[in-house]
Amino acid sequence: MIGYVLKRLGLALLVALAVSAIAFFLLRLSGDAATAIAGEGARQEDIELIRKTYGLDRPLVVQYVEWLWQTLRGDFGTSLYFKTPVSALVLDKLPTTIVLGLTSLGFALLVSIPLGVLAAVYANSWIDRLALAIAVVGQALPNFFFALILVMFFSITLRWLPVSGSDSWAHFVMPTIALGYYVAPAFMRLVRAGMIEVLSADYIRTARAKGLPARSVIFKHALRNALVPVVALTAVQLGFLLGGSVVVETIFALDGLGYLAYQSITYKDFPVMQVVVLLLSVLYVLLTLLADVANAWLDPRIRVA
Amino acid sequence: MSSLQNDVILAVDGLSVDIATQRGTLHAVRDISFEVKRGETLCLVGESGCGKSMTSLAIMDLLPKGATRRARRLAFAGEDLSRAGARRINALRGDRMAMIFQEPMTALNPAYTIGNQLVEAYRLHRKASEAEARERAVHLLGKVGIASAGERLGQYPHQLSGGLRQRVMIAMALMCGPDLLIADEPTTALDVTIQAQILRLLADLQRELGIAMVLITHDLGVVARIADRVAVMYAGQIVEEGPTAALFGNPRHPYTRGLIDCIPVPGRTQPGGKLGVIPGVVPSLVGDVRGCSFRDRCAFAREACAAAPPVHRAPDGQSWRCILENAA
């Protein structure tokens, strides 16, 4: 098991490195950094001067290696727009996004796993149809629209929750629901499909032949096997969560990484953009690694590979 | 009288299994009755699709979705299971009656260790501690011929060969010391050499522990070696039943005769000579099935076979469902 984890960790590092290179070159292709730094209406000589001062006239590969070296040492540069170190900026926003990601993932799993199990155990019954309806609505509703409905209902009509900000746990409730409901349907459908398949497996009949009660057959013998693909999906869905958090954070003025990404793109703030993209991708790689390890724990057959 | 009744561990009376299909109701098992005494081995034989497996699953209340059972009486140790609730069935299953399945490769849960799956039933039914249950598991793994049983407990099913897995399944079925063991073609999926080992193991354990066994098979060679009594199934019915020696020595039903003729016998079957073949195919069991279901393939068929054939009984306990009163 430890050998397996180390192997996956090595692979994850390689992927992170590749992503950092791709992110660097893509961003450089998307616009001229020197022009962005110089600002609007700058003269050509000023731009050339800036290009020399910042070393932007050197080959891209050299610039990348230098940037990577600095980044690895913890020097992320300075934001062009906020005029503060990028590291401080990112560290300030990161916890909000992580908390939102975890709570919305938790909310999605908490809703979708029991619902998926119920839908599978009572397949083709009214419970199944209700679960399907919930999933279809979740998939069809754009999350900014759902977020606005939540605001109308909970903040304006009922006056239970604050509309925007990120000062207390109450500020996270609606963003969590909006973002969680956005990823829950995929989980629910997968749990349902997995459970239906697993429940007809031979080993489920063996478990029943032992005289085990239904809850033990369903939750011990069936669910664990049905969850293997769900864990793999979790990593993919976390990517959606990170993407979705840009929209949701902006709507609720939740001051996190997603909102920062949005701002840095708007202001062509290259140093911030680079670090945010790198950070999000490293997070994504780490989560995929976690999913792989969790899968190996759930299904011992994977550990050999 | 009461001692005689206590002697019978399983009494099946008028069991039918229907399966809903797209084309209509399939009558997989049609009104069969038989008894199994304590410590006795009954073999259910017949071709694929004759209802052997459905019969065993119906007794254990493990029929797949879409299949329903009816019975006048399904008595286990005198208690009618056909009227028992799910809780009562669960209390008996895995404790007093246990089952081994055809496919050892898929019958064990891939996500849990052998040890975990072995102790489950014992802990549940005997309210035993983990340590007691593991001790019992090690003892039984030794009994089914698995070396270094202690280490095996920590292994997963995919680390074991098919033969070993079937041995684990047998040990698992024996954990609570059941009165009745149903083995549904336990060797069909295994190599020929392993088949013989597993069958000998089952026969030895059955004798040693005094368990009643219902062995389902299509291999008459197996039947001749380990059965006390045989029931031959055809198209969802028991067409002939009796003590093994009587049934093999004097088969009364044309189908039984045909089955026995299909077995090669050293010394009698000529090299290059033809084995017996039963012409034709098994009739469809969808919709109404009338008369003798074997009549389309039977050399002795006559007009009277279109009506339900009578059941004859010989003094030695042999019974057969045919218009012929004597051996075919």
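The name recorded for chain B in an unreviewed UniProt entry is ABC transporter ATP-binding protein, from Chelatococcus albus. What the UniProt record of chain B gives under Subcellular location (unreviewed entry) is the line "Cell inner membrane". Of chain B, the UniProt comment under Sequence similarities (unreviewed entry) reads exactly: "Belongs to the ABC transporter superfamily."

By the naming in an unreviewed UniProt entry, chain A goes by ABC transporter permease and is assigned to Chelatococcus albus. Note on chain A: under the UniProt heading Subcellular location (unreviewed entry), the record states "Cell membrane". For chain A, the Sequence similarities (unreviewed entry) comment in UniProt is given as "Belongs to the binding-protein-dependent transport system permease family."

Caption draft 1: Here's a closer look at helix α6 (residues 126-140) of chain A. All names here are of chain A. Over its 15 residues, α6 runs 21 Å from end to end, which matches the ideal 21 Å to within 8%, given 1.5 Å per residue. Those residues of α6 not exposed but buried are D128, A131, A135 and G138. Projected down its long axis, α6 shows its buried positions confined to an angular sector of 95 degrees, all on one face. Exposed residues on α6 whose side chains face more than 90 degrees from its buried face are W126, R129 and A140. Against the buried residues of α6 lie α5 (86-121) and α8 (170-199).

Caption draft 2: Region of interest: the UniProt feature "domain: ABC transmembrane type-1" (unreviewed entry) in chain A. Per the UniProt record, "domain: ABC transmembrane type-1" (unreviewed entry) is found at residues 94-291 of chain A. End C-alpha atoms of residues 94-291 of chain A are separated by 21 Å, and the span's content is 84% helix alongside 0% strand.

Caption draft 3: Up close: the side chain of N143 of chain A. All names here are of chain A. Inspection of the secondary structure assignment puts N143 in helix α7 (residues 143-157). Under the relative-accessibility criterion, N143 is labelled buried at 9%. Sequence-distant contacts of N143, that is, excluding residues within four places in its chain, are made with A178, L179, Y182, G244, V247 and V248.

Caption draft 4: Inspection of the pattern of salt bridges at higher detail. Considering all chains together, one arrives at 27 salt bridges over all chains under this definition. Between K210 of chain A and E120 of chain B there is a salt bridge whose closest N-O contact spans 2.7 Å. Within this pair, whereas K210 of chain A is found in the loop between α9 (202-209) and α10 (214-251), its partner E120 of chain B is found in helix α5 (residues 114-126), the two belonging to separate chains. Across this residue pair, the class does not change: K210 of chain A and E120 of chain B are buried. Residues E120 of chain B and K220 of chain A are paired through a salt bridge, measuring 2.9 Å at the closest nitrogen-oxygen approach. Note that E120 of chain B is positioned in helix α5 and K220 of chain A in helix α10, a pairing that runs across two chains. According to the relative accessible area criterion, E120 of chain B is buried, its value standing at 10%. The structure contains a network of salt bridges with shared partners spanning R38, D95, R96, R126 and D179 of chain B.

Caption draft 5: Region of interest: the interface of chain B and chain A. In this complex, chain B contributes 27 residues to the contact, which on the side of chain A involves 21 residues. Both faces combined, the contact of chain B with chain A buries some 2200 Å², and carbon together with sulfur accounts for 54% of it. A per-residue breakdown of the area chain B buries against chain A is headed by P110, Y112 and E120 of chain B, which together make up 25% of the total. Across the chain B-chain A interface, the total number found is two salt bridges. For the interface between chain B and chain A, the tally reads 14 residue pairs in polar contact (both at pLDDT 80 or more). Mapped by element, the contributors of at least two residues to the side of chain B that touches chain A are α4 (104-107), α5 and α8 (162-174) of chain B. Per-element accounting of the side of chain B that touches chain A gives the leading share, six residues, to α5 of chain B. Classifying every residue of the side of chain B that touches chain A by side-chain character gives 14 nonpolar, eight polar and five charged.

Caption draft 6: Local environment of unusual backbone geometry. Unlike most non-glycine residues, N124 of chain A shows phi in positive territory, near 65 degrees. Relative to the assigned elements, N124 of chain A resides in the loop between α5 and α6. Its relative accessible area of 58% is what places N124 of chain A among the exposed residues. Despite not being glycine, A77 of chain B has its phi angle at roughly 50 degrees, a positive value. Relative to the elements of secondary structure, A77 of chain B occurs in the loop between β5 (73-76) and β6 (79-80). Residue A77 of chain B is classed as partly exposed on the basis of its relative accessible area, which comes to 40%.

Caption draft 7: Representation of the packing of aromatic side chains in the model. Counting across every chain of the model gives 14 aromatic pairs over all chains. Between Y259 of chain A and Y262 of chain A, the aromatic rings sit 6.4 Å apart at their centres with planes inclined by 10 degrees, giving stacked as the arrangement. Of this pair, Y259 of chain A and Y262 of chain A both sit in helix α11 (residues 257-266), three residues apart, roughly one helical turn. Classification of Y259 of chain A as partly exposed rests on a relative accessible area of 23%. Through a chain of ring-to-ring contacts, three or more aromatic side chains come together here, namely F24, F25, Y64 and W67 of chain A. Between K220 of chain A and the ring centre of Y112 of chain B, over which it is positioned, the NZ or CZ distance is 4.9 Å. In this structure, R224 of chain A is placed above the aromatic ring of Y112 of chain B, and the distance from its NZ or CZ to the ring centre is 4.9 Å.

Caption draft 8: Looking closely at the side chain of H312 of chain B. Residues and elements named next belong to chain B. Among the structural elements, H312 can be located in strand β12 (residues 311-313). Exposure remark for H312: the relative accessible area of 15% places this residue in the buried category. For H312, the side chain forms a polar contact with the main-chain oxygen of C322, separated by 2.8 Å. Beyond its immediate stretch of four places on either side in the chain, H312 contacts Q318, S319, W320, C322, I323, L324 and E325.

Caption draft 9: Quick look at the UniProt feature "transmembrane region" (unreviewed entry) in chain A. All names here are of chain A. UniProt's feature table lists "transmembrane region" (unreviewed entry) at residues 98-123, 130-156, 168-187, 226-252 and 272-298, given in the numbering used throughout. In this annotation, residues 130-156 is assigned 93% helix and 0% strand; the end-to-end C-alpha distance for the span is 28 Å. The distance from the first to the last C-alpha atom of residues 272-298 is 38 Å, and the span holds 100% helix and 0% strand.

The rules behind these values
- Residues numbered from 1 in each chain as written.
- Chains lettered and ligands numbered in written order.
- Predicted model: local features only at pLDDT ≥ 70, side-chain atom pairs only at ≥ 80, totals over all residues.
- Heavy atoms only, no water.
- UniProt positions renumbered as here; feature names shortened; annotations may be inferred.
- Helix = DSSP H or I, 4+ residues; strand = E, 2+ residues; numbered from the N terminus.
- Expected span 1.5 Å × (residues − 1).
- Buried < 20%, exposed > 50% of the residue type's maximum accessible area, 1.4 Å probe, protein only.
- Arc of directions from axis to C-beta.
- Contact = heavy atoms within 4.5 Å.
- Salt bridge = Lys/Arg side-chain N within 4 Å of Asp/Glu carboxyl O.
- Buried area = accessible area lost by both parts, 1.4 Å probe.
- Polar contact = N/O pair within 3.5 Å; in protein donor to acceptor, adjacent residues only side chain to side chain.
- Nonpolar A, V, L, I, M, F, W, Y, C, P; charged D, E, K, R; others polar.
- Phe/Tyr/Trp six-rings, centres within 6.5 Å; stacked < 30°, edge-to-face > 60°.
- Lys NZ or Arg CZ within 6 Å of the ring centre and 35° of its normal.

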